[in-house]
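Residue-level structural notes
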Amino acid sequence: MSDHRDPDEESSKQNRIWAERPVWRGLINGVMLILLLLWVQDAGFLGEARPVTQDDVIRAVVYGIVFGLAMYAYTAWRNNRQDQARERAEQARRDAEGQSSDDRGGGTS
């Protein structure tokens, strides 16, 4: 058994949209949550509008960091799971091709 890597498989890992990479996904979602929390408070969408204080900014930043880390972990897990499934499917395809060539008498004895 050789440890042959399919070039298409490697390029599919590298050619993900930049927003699908875990670091960018976590960063974008964290920053968007911070901005959304501060905007909602300032505009008064969920209650009386009140000015944004330093405590509110600190709270929003902490929430954004926690949410960004959660999105980073989720995206890294999802990408890893998809890569493993792709590798297993490719291995199953190769095994099936090998068995079918053996069934036709193409294998060596």
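Think of each chain on its own: its residues are numbered from 1, step by step along the sequence as written. Whole-chain, interface and lining totals are the exception, using all residues; otherwise, since this is a predicted model, local features are given only for residues with pLDDT of at least 70 and side-chain atom pairs are given and counted only at 80 or more. Calculated side-chain values reflect all of the structure's heavy atoms, with hydrogen atoms and water omitted.

Some points on the overall build of the protein
Short version of the rule: Secondary structure is summarised from DSSP: a helix means a run of H or I of at least four residues, a strand means a run of E of at least two, and numbering begins at the N terminus for each. Classification of residues uses two cut-offs on accessible area relative to the type maximum, computed with a 1.4 Å probe and protein chains only: under 20% is buried, over 50% is exposed, and between them is partly exposed. Note on contacts: a residue pair qualifies if any of its non-hydrogen atoms lie within 4.5 Å across the two residues. Residue burial considers only the protein chains on display, and all accessible areas are found by Shrake-Rupley using a 1.4 Å probe.
Scanning the protein for helices and strands turns up three helices and zero strands. N-terminal to C-terminal, the α/β element order of the protein is α-α-α. Scored against the burial criterion, the 109 residues of the protein give a buried share of 19%. Across the protein, every contact between residues at least 6 apart in sequence was considered, and the portion connecting residues at least 24 apart equals 63%. Total accessible area on the protein is roughly 8400 Å²; 59% of this is exposed by carbon and sulfur atoms.

With respect to the pattern of salt bridges
It is possible for side chains of opposite charge to pair when their charged atoms get near one another. Our working rule: Any carboxyl oxygen of Asp or Glu that lies within 4 Å of a side-chain nitrogen of Lys or Arg is treated as forming a salt bridge with it.
Within this structure, the stated rule accounts for six salt bridges. For R50, the salt bridge identified is with D56, shortest N-O distance 3.9 Å. The exposure class assigned to R50 is partly exposed, which follows from its relative accessible area of 46%. Here R86 ties to D83 by a salt bridge, and the two come within 2.9 Å at their closest N and O atoms. Note that R86 and D83 are positioned in helix 3 (residues 54-103) at a spacing of three residues, about one turn of the helix. Members of the salt-bridge network, linked through shared partners, are E90, R93, R94 and E97.

Considering the packing of aromatic side chains
For clarity, the cut-off: Any two of the Phe, Tyr and Trp rings considered here, Trp counted by its six-membered ring, make a pair once their centres fall within 6.5 Å; the pair's planes then place it as stacked at under 30 degrees, edge-to-face at over 60, or tilted in between.
Counted by the stated rule, this structure contains three aromatic pairs. Centre to centre, the rings of W39 and F45 are 4.9 Å apart; their planes meet at 70 degrees, and the pair counts as edge-to-face. Of the two residues, W39 and F45, neither departs from the other in class, the shared state being exposed. Pairing Y74 with W77 gives two aromatic rings, centres 6.0 Å apart and planes at 40 degrees, and the pair type is tilted. Here Y74 pairs with W77, and both are found in helix 3, just three residues apart, close to one helical turn. The class of W77 is partly exposed, set by a relative accessible area of 48%.

Notes on the confidence of the model for the protein
Selection rule: For every residue, the predictor states its confidence as a pLDDT score lying anywhere from 0 to 100.
For the protein, the average pLDDT comes to 85, and 79% of its residues sit at 70 or higher. Considering each helix and strand of the protein separately, the mean pLDDT is smallest for helix 1 (residues 7-14), with a value of 58, and largest for helix 2 (residues 22-43), with 94.

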